[in-house]
Amino acid sequence: HSSILDGSVNASFSGAPKPVISEVDRMYVTIKSEMDARCSSLQRSTEALRDEVRGEFSSRLVDLDEKVTDLRRLLADERERRSKSEKQMQELLRWKEQALFSIEDLRRKVDD
């Protein structure tokens, strides 16, 4: 009896778990496949967004670099203009002093 029981018990155990295990395996494969697909999709969209942000950032950096270059050029032009203006002012002050001296010299000559 024990051999018949053992055989029938083993047969029922060996036959029953296989469909359960393969159903779990199929569910696992399906879920894994869906998760892999979602991960791949998310990774692609993340990379696309990253590339878009990098492009925008690079574009803004180029714009800022151009503005900085323009501002530096304007600043250099302004320094040069001020330097010329200061030289002209100094020349005018010297000319004024010479003119005042000449006027004073002429007054003294007239008074004498």
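Residues numbered from 1 in each chain as written. Predicted model: local features only at pLDDT ≥ 70, side-chain atom pairs only at ≥ 80, totals over all residues. Heavy atoms only, no water.

### Topic: the overall build of the protein
- Across its full length, the protein carries two helices and zero strands.
- Burial analysis of the protein (112 residues in total) assigns 0% to the buried set.
- Just so you have it, the protein exposes about 10700 Å², and 60% of that area is on carbon and sulfur atoms. (Helix = DSSP H or I, 4+ residues; strand = E, 2+ residues; numbered from the N terminus. Buried < 20%, exposed > 50% of the residue type's maximum accessible area, 1.4 Å probe, protein only. Areas by Shrake-Rupley, 256 points an atom, 1.4 Å probe, with all protein chains shown as cover.)

### Things to note about the confidence of the model for the protein
- In this model, the protein carries a mean pLDDT of 85, and residues with pLDDT of at least 70 account for 82%.
- Confidence over residues 1–12 falls short of pLDDT 50; this stretch has one contact with residues more than four positions distant or in other chains. (pLDDT = per-residue confidence, 0-100. Contact = heavy atoms within 4.5 Å.)

### Considering the pattern of salt bridges
- In total, this model carries 10 salt bridges according to the counting rule given.
- Notably, a salt bridge pairs D51 with R50, separated by 3.6 Å at the nearest N-O pair.
- Under the relative-accessibility criterion, D51 is labelled partly exposed at 44%.
- Using a relative accessible area of 39% as the deciding quantity, one classes R50 as partly exposed.
- We note a salt bridge from R60 to E56, for which the minimum N-O separation is 2.9 Å. (Salt bridge = Lys/Arg side-chain N within 4 Å of Asp/Glu carboxyl O.)

### Considerations on a nonpolar patch on the surface
- Together, M27, I31 and M35 make up an exposed nonpolar region whose accessible area comes to about 290 Å².
- Assignment of secondary structure puts M35 in helix α2 (residues 17–111). (Patch = residues over 30% accessible without salt bridge, like charges linked within 9 Å, V, L, I, M, F, W, Y side chains within 5 Å.)

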